[in-house]
Amino acid sequence: MKSKIFLVIISVCIFSAGLSAKKPKSSVKKVPNGIASQAKAEEEYKKSIVQVKISFQEPDYFNPWKKKNPKVRRGVGIIVPGEKILLPAHLLAHSTLIEVKKYSSYAETKATVARQDFESDLALLKIEEENFFKDLTPFEFQKEIDYPRQVSIYQLDNSGSIQSASGALISMDLDQYPQGMVELPVLDVNSTETLNGNGEVLLEKGKVSGILFDFSGDKNSGRAIPSFLISKFLGNFGKTEIPFKGFRYRPIMDKATKDFYSLKTKDQGILVAEILPDSSADGILKIGDVILEFGGKKIDSKGYFQHPKYGKQVLSYIAHLGDEFGYQIGKQVPVKIIRSGKEEEVQLSLKPFPYSSIRIPHRNLGSKSEYYFDGGFLFVELSEGYLLEWGKDWRSKVDRKLLYTFDYHKFSTGDKKEGKFVLLSQVIPDESNQGYHEISGRLVDQVNGKPVQSILDISNEVKSSKSRYITISLDDGTDIVLDQESLASANQRIQKEYRIPKSAMGSR
């Protein structure tokens, strides 16, 4: 019996060997299934990613009648439903020409901005060329974010080849985006690969987890816009506009403060410290109110609540991106507070950020730089763009009073007499303004004894004053005297000597 079994085994082995010998030899190295499927996926992903080339010209705040030399920046755009291209909005700042290149063509196609939102740092591009999207496929988005989690990161290179990298979603915080005023969820990303942070797409299981808008190679870390914020921008939650809670607060940690504001031993909460005029909180909350609950969620002593999916999050999450809790623009958020020692509940109607309350533009919103230039005296409105002209370390270089004004008076207090901050930026030397050549960067208090709230106040006073002389008072006590009869001749000399356009001088 044993010998029969042995013969059967030998026969099977010989038969198998014969079959193997009949197979044709392949010249292609066998690819493991995982790598093959990855390569197949990448071939599909490149149909959903485009390269975006942005030509731009930044304003020159020291010489506001002209712009700086043109430059080019490149970013990554992803295809979304509705034949649009999504990318970080700050890449489009001061753009003069936008061009898009896809994997299947070497040609660059002109694109225009369809919509952009400074708060979420997202923008949509549209293409007029017919059939541009014919061989492109929109991405799908993750409804929720899981972290910590490994992700794949993709972009296209100049040749149209897809470039992949690996990274990890580490955590999620609330922060302002590069051009935004409202704190929104931001993903912390870690990667040892070379990344730019200019829109690379983060994928998990073929769906978008986020797009990278910032990356530091020195720290191997970056920040990304989460998919659920992108979905809000695309209108998947209904309204796309971002609300703002309208107040700022400070923690209540010590017993003395808790006792002073009548918090019970078991209670936690935060103290309302600032309310922006015309905001959601204006007329509803008061400075000194203690917030115990916000949107039905208990608030701890540092301003956090327990999110059912993402753990501890700042209460701003509820007001600014609370779609999942039913809070959008126009909706009311119940707020349990202690006011004057008594517990009560108020309803806070959600509104967008009140941009009208900004006294000093401190996020690049693309606003026009206002100025008045006459007789060699250049007056400008104080802005972050002006201070940034001192370079990366501008905070250590600018005048301390300007820095203090910028840090503590960015917003209106609600007093309608408040206006913009105007400063004498520089004096272009001319024989008519001798004695003032060394003055620069001083805040303007008054013109002819009247408070200055805007550039127009100086311009209008020069035009309308019947007096020959105009007096302008600066914050350091210096009084400047303009002789109206000499302004025209001074402007002619300055225009010719410094090659400044005539249109830049006087009233424009």
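Everything numeric here is computed off the predicted structure, so don't read it as measured data.

Novice: Even after reading the chapter, I still don't get the nonpolar core, so can you show me in this structure?
Specialist: Looking at soluble globular proteins, one finds that nonpolar side chains tend to be buried together. Formed by 73 residues in total, the largest nonpolar core has its most connected members in Ile78, Leu86, Phe247, Leu285, Ile291, Phe294 and Val335. When neighbours within four sequence positions are excluded, Phe294 is seen to be in contact with Phe247, Ile299, Leu315, Ile318, Ala319, Val333, Pro334, Val335 and Leu348. The next biggest cluster of nonpolar side chains, apart from the first, holds 23 residues, and it includes Tyr61, Tyr371, Phe373 and Val380.

Novice: How do you make sense of the pattern of salt bridges when you look at a structure like this?
Specialist: A side chain with one charge may pair with a side chain of the opposite charge, provided their charged atoms come close. Under the definition given, this model contains 34 salt bridges. Salt-bridge contacts for Asp289 lead to Arg339; the nearest nitrogen and oxygen are separated by 2.7 Å. On the criterion of sequence distance, the pair formed by Asp289 in the loop between β15 (270–275) and β16 (290–294) and Arg339 in strand β20 (residues 332–339) is long-range, its members being 50 residues apart. A salt bridge links Asp475 to Arg442, with the nearest nitrogen and oxygen atoms 3.2 Å apart. Of this pair, Asp475 sits in the loop between β28 (469–474) and β29 (479–483) while Arg442 sits in strand β26 (residues 442–447), placing them 33 residues apart in sequence. You can call Arg442 buried: its relative accessible area is 17%. Here the salt bridges do not stand alone but share partners, grouping Glu144, Asp146, Arg149, Glu204 and Lys309 into one network.

Novice: Looking at this structure, how should I read unusual backbone geometry?
Specialist: Among all residues except glycine, the phi angle is most often negative; among peptide bonds, the trans geometry is most common. Each neighbour pair has its own omega, and for Tyr147 with Pro148 the value is -5°, a cis peptide bond. When you line up the elements, Pro148 lands in the loop between β6 (122–126) and β7 (149–156). With a phi close to 65°, Asn131 is a non-glycine residue in the positive phi region. Judged by its relative accessible area of 52%, Asn131 falls in the exposed class. At Ser340, a residue that is not glycine, the phi angle is positive and equals roughly 55°. Within the secondary structure layout, Ser340 lies in the loop between β20 and β21 (342–349). Take Ser340: its relative accessible area is 75%, and that puts it in the exposed class.

Novice: What's the story with helix α8 (residues 455–464) in this structure? I'm lost.
Specialist: In an α-helix, one turn spans 3.6 residues; hence positions three or four apart end up facing the same way. Within the sequence span of α8, burial applies to Ile455, Ile458, Ser459, Glu461 and Val462. Projected onto a plane normal to the axis of α8, the buried residues spread over an arc of 165° and lie on a single side. Away from its buried face by more than 90 degrees, α8 exposes Leu456 and Lys463.

Novice: In this structure, what is going on with the domain arrangement of the protein? I would like to understand it.
Specialist: It is common to give the size of an interface as the accessible area lost on bringing the parts into contact. Considered domain by domain, the protein is made up of domain 1 (43–127), domain 2 (243–355) and domain 3 (358–504). Inter-centroid distance (C-alpha atoms) of domain 1 to domain 3 is 34 Å. Tallying the contact residues gives 10 residues for domain 1 and 16 residues for domain 3. Counting the surface lost from both domain 1 and domain 3, the interface buries some 1,200 Å², and carbon and sulfur atoms represent 68% of this. The largest per-residue losses of area from domain 1 upon contact with domain 3 belong to Tyr61, Phe62 and Trp65, which jointly make up 65% of the total buried on that side. Counting every contact that joins domain 1 to domain 3 gives one salt bridge.

Novice: Explain the sheet that holds strand β2 (residues 71–80) to me, please; I cannot follow it from the model alone.
Specialist: Sheet strands pair by backbone hydrogen bonding; their relative direction is either parallel or antiparallel. Taking strand neighbours around the barrel as the criterion, the six strands line up as β1-β2-β3-β6-β5-β4 in a closed arrangement whose pairing is antiparallel. For this sheet the average axis-to-axis angle between neighbouring strands, irrespective of direction, equals 40°. Pairing between β2 and strand β3 (residues 84–88): three bridges, direction antiparallel. Across the sheet, the residue bridging to Ile78 is Leu86, located in β3.

Novice: Before we go on, may I ask you to explain the side chain of Glu183 in this structure?
Specialist: Here Glu183 shows up in the loop between β8 (162–175) and β9 (184–190). Note on Glu183: relative accessible area 18%, which makes it buried. With residues near it in sequence (within four places) discarded, Glu183 still touches Leu174, Asp175, Gln176, Phe244, Lys245, Arg248, Ser316 and His320.

Novice: What am I meant to see in the packing of aromatic side chains here?
Specialist: Centre distance and the angle of the planes are the two values used to describe a pair of aromatic rings. Tallying each qualifying case throughout the model produces 22 aromatic pairs. With centroids separated by 5.5 Å and ring planes inclined at 75°, the aromatic side chains of Phe62 and Tyr386 adopt a geometry described as edge-to-face. Here Phe62 is found in the loop between β1 (49–56) and β2, whereas its partner Tyr386 is found in helix α6 (residues 384–387), with 324 residues between them in sequence. A relative accessible area of 27% places Phe62 in the partly exposed class. Ring geometry for Phe305 and Tyr317: centres 6.3 Å apart, planes at 55°, overall tilted. On the criterion of sequence distance, the pair formed by Phe305 in strand β18 (residues 304–307) and Tyr317 in helix α5 (residues 316–321) is long-range, its members being 12 residues apart. Comparing Phe305 with Tyr317 shows no difference in burial state: the two are buried.

The rules we used
- Residues numbered from 1 in each chain as written.
- Predicted model: local features only at pLDDT ≥ 70, side-chain atom pairs only at ≥ 80, totals over all residues.
- Heavy atoms only, no water.
- Core = buried A, V, L, I, M, F, W, Y, C linked by side-chain atoms within 4.5 Å.
- Buried < 20%, exposed > 50% of the residue type's maximum accessible area, 1.4 Å probe, protein only.
- Contact = heavy atoms within 4.5 Å.
- Salt bridge = Lys/Arg side-chain N within 4 Å of Asp/Glu carboxyl O.
- Helix = DSSP H or I, 4+ residues; strand = E, 2+ residues; numbered from the N terminus.
- Arc of directions from axis to C-beta.
- Domains from an automatic or database assignment.
- Buried area = accessible area lost by both parts, 1.4 Å probe.
- Pairing = 2+ DSSP bridges.
- Axes fitted to C-alpha atoms, helices over the stretch in contact; angles between N-to-C directions.
- Phe/Tyr/Trp six-rings, centres within 6.5 Å; stacked < 30°, edge-to-face > 60°.

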